[in-house]
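Spelled out from the first residue to the last, the chains are:
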Amino acid sequence: MRTSVKLLMASAMQSSRGLNNPGPMALLPPIPLYRRLLRAHRKFLPSEMRVLGDEYVKAEFRAHRAVENPIHLIGFLTEWQLYAQKIEGESWVGEKLDQAKLAKMSDEQLGQMYELMLAIKNRDSDGESNS
């Protein structure tokens, strides 16, 4: 993730301004966003969810370290920033996944979502059996 991408992100955010969107969201660079995500997990998530979330964030940022496509980078950073805002605002509790985003996911991404769902269900069933 090169520094020249910051300029592309800023210009893309300004050009994508719509009538319903009053202004571009300030897009954080990758490292501050990464730190913000880990900080949000530490402050707002229970410890078992924090471990799962931290591992996932670290794996995703590591996997996208060498991405050079600016459009892909903007999408990646935008979605993670929206996620951070939801975690910090605690508006994510009980929220369902947007069907439009689900339809755009690749088979690999759907597989990751399924594995995440299974991990959460296993964690919940382990917690109930220990109680």
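None of these values were measured; they are calculated from a predicted model.

Rules of the game
Residues numbered from 1 in each chain as written. Predicted model: local features only at pLDDT ≥ 70, side-chain atom pairs only at ≥ 80, totals over all residues. Heavy atoms only, no water. Patch = residues over 30% accessible without salt bridge, like charges linked within 9 Å, V, L, I, M, F, W, Y side chains within 5 Å. Areas by Shrake-Rupley, 256 points an atom, 1.4 Å probe, with all protein chains shown as cover. Salt bridge = Lys/Arg side-chain N within 4 Å of Asp/Glu carboxyl O. Helix = DSSP H or I, 4+ residues; strand = E, 2+ residues; numbered from the N terminus. Expected span 1.5 Å × (residues − 1). Buried < 20%, exposed > 50% of the residue type's maximum accessible area, 1.4 Å probe, protein only. Contact = heavy atoms within 4.5 Å.

*Asks:* How would you sum up a nonpolar patch on the surface? Please name residues and give values.
*Replies:* Nonpolar side chains collect at one region of the surface, where Tyr114, Met117 and Leu118 lie side by side and expose about 270 Å² of accessible area between them. Topologically, Tyr114 is positioned in helix α6 (residues 107–130).

*Asks:* Describe helix α2 (residues 30–44), with residues and values.
*Replies:* The end-to-end C-alpha distance of α2 is 21 Å, a good match for the 21 Å that 15 residues give at a rise of 1.5 Å each. Within α2 the residues assigned to the buried category are Pro30, Leu33, Arg36, Leu37, Leu38, Ala40 and His41. Summarising the contacts, the buried residues of α2 are in contact with α3 (47–63) and α4 (70–89).

*Asks:* So what about the environment of Arg39? Which residues, and what values?
*Replies:* Looking at the secondary structure, you find Arg39 in helix α2. By relative accessible area, which is 36% here, Arg39 ends up partly exposed. Sequence spacing of Arg39 and Arg50 is 11 residues, and the spatial spacing of their C-alpha atoms is 10.0 Å.

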